[in-house]
Amino acid sequence: MSEPIIIIGVDHGYAAMKTAYFSFHTGLVAHEHEPYTLNNVLEYGGKYYVVGSGRQPLQKDKTQTEDYYLLTLAAIAKELAYRNAGTAADIHLAAGLPLTSFGRDKKAFRDYLCRGGKPVSFRYEGQDYVITISKVSLYPQGYAAVLTQGSMLDEPSVIIADIGGWTVDLMRLDNRIPNAATCRSLELGMIRCLDEISEQIRRGLGLSMTAAQIESVLRGDASHVNEDAKKIIYQEAERYTKRLLSAIAESGLDVRAMPAVFLGGGATLLKHHASAADGLCRPIILDDVCLNAKGYERLTERMSKKHEQ
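Residues numbered from 1 in each chain as written. Predicted model: local features only at pLDDT ≥ 70, side-chain atom pairs only at ≥ 80, totals over all residues. Heavy atoms only, no water.

If you check an unreviewed UniProt entry, the protein chain appears there as ParM/StbA family protein from Dysosmobacter welbionis.

Here is the structure:
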């Protein structure tokens, strides 16, 4: 294609897809016929998909179904529209994988996203797109985001905790370099926290609250929610925080001895529910959920400039 190459970062989370400017749930509902509205609707391969309704069932191997590829097309369309970049584009996709499985999964994930570098036609929200994912660059999750935060990298050792939907990816940086022996992926992400809160509210109050309601309370912007439910949400959030910090310590990373950088969807939770009593040396909360995607883009831009030079 003759179009200039556009770098787009995409963070493929279990609970949410993130780009530099957007975050949306990973839910994907297929329809044989056109839905009543084209908002958030992807048309591909003769089918219609409503994007962002709820979240995906857990897929530990994201390449086993077409779901994450379809979500990637929606993410690209959103970014192209936001940037006024047209509807025909040559894409350099920048994405990530957990460092614990990076070497094992990178080839399969790159092939899954690239599709041989052939043009792909689809429609999103009624607009026709023709794109070519001509190149895919992959980076370690968490690490890419932190590399955009120059000042904190001056520390000799820093703990990175990327709190995602299903997993919490841990690593330690020593003099800016990931220590491979410290990398862990704990199945203790925000989905576990939200499910436990929901269950305790159901048991205690007989209410069935949605994840969206619970998340709004955790962010501090849901004054209309039942006060008794709020108390349970705060109590369970504090329990989860303590459990998470304990799991990090059990992984051999001492948050009392060195700064700890928390990012991802669960970082806001740490901001509101972690205290000095938890023994944290110096918590650094990066609560921009799009930070990984932004980091992927910046690293790709830097590497592309170096290659050109």
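A.B. asks: What is the right way to look at the nonpolar core in this model?
C.D. replies: The tendency in soluble globular proteins is for nonpolar side chains to be buried as a group. Leu80, Ile91, Phe122 and Ile131 are the most contacted members of the largest nonpolar core, which has 41 residues in total. Ranked by residues supplied to this core, first place goes to helix 1 (residues 67–82) with ten residues. What leucine 80 contacts, discounting residues up to four positions off in sequence, is Ile6, Ile8, Ala85, Gly86, Ala89, Ile91, Tyr129 and Ile131. Judged by nonpolar contacts, the second largest core, of 34 residues, contains Val217, Ile233, Leu244 and Leu270. (Core = buried A, V, L, I, M, F, W, Y, C linked by side-chain atoms within 4.5 Å. Buried < 20%, exposed > 50% of the residue type's maximum accessible area, 1.4 Å probe, protein only. Helix = DSSP H or I, 4+ residues; strand = E, 2+ residues; numbered from the N terminus. Contact = heavy atoms within 4.5 Å.)

A.B. asks: I keep staring at helix 5 (residues 211–219) and nothing clicks. Help me out?
C.D. replies: The α-helix advances 3.6 residues per turn, and as a result positions three or four apart in sequence lie on the same side. Among the residues making up helix 5, those that are buried are Ile214, Ser216, Val217 and Leu218. At its buried positions, helix 5 is contacted by helix 4 (190–205), helix 6 (227–250) and helix 7 (267–273).

A.B. asks: Can you help me understand helix 6 in this one?
C.D. replies: An ideal rise of 1.5 Å per residue puts 34 Å on 24 residues; helix 6 measures up with 35 Å between its terminal C-alpha atoms. Buried within helix 6 we find Ala229, Lys230, Ile232, Ile233, Glu236, Ala237, Tyr240, Thr241, Leu244, Leu245, Ala247 and Ile248. Capping of helix 6 at its N-terminal end is provided by asparagine 226; its side-chain oxygen lies 2.7 Å from the backbone amide nitrogen of aspartate 228. Of the residues trailing helix 6, glycine 252 is marked for its positive phi of about 95°. (Expected span 1.5 Å × (residues − 1). Polar contact = N/O pair within 3.5 Å; in protein donor to acceptor, adjacent residues only side chain to side chain.)

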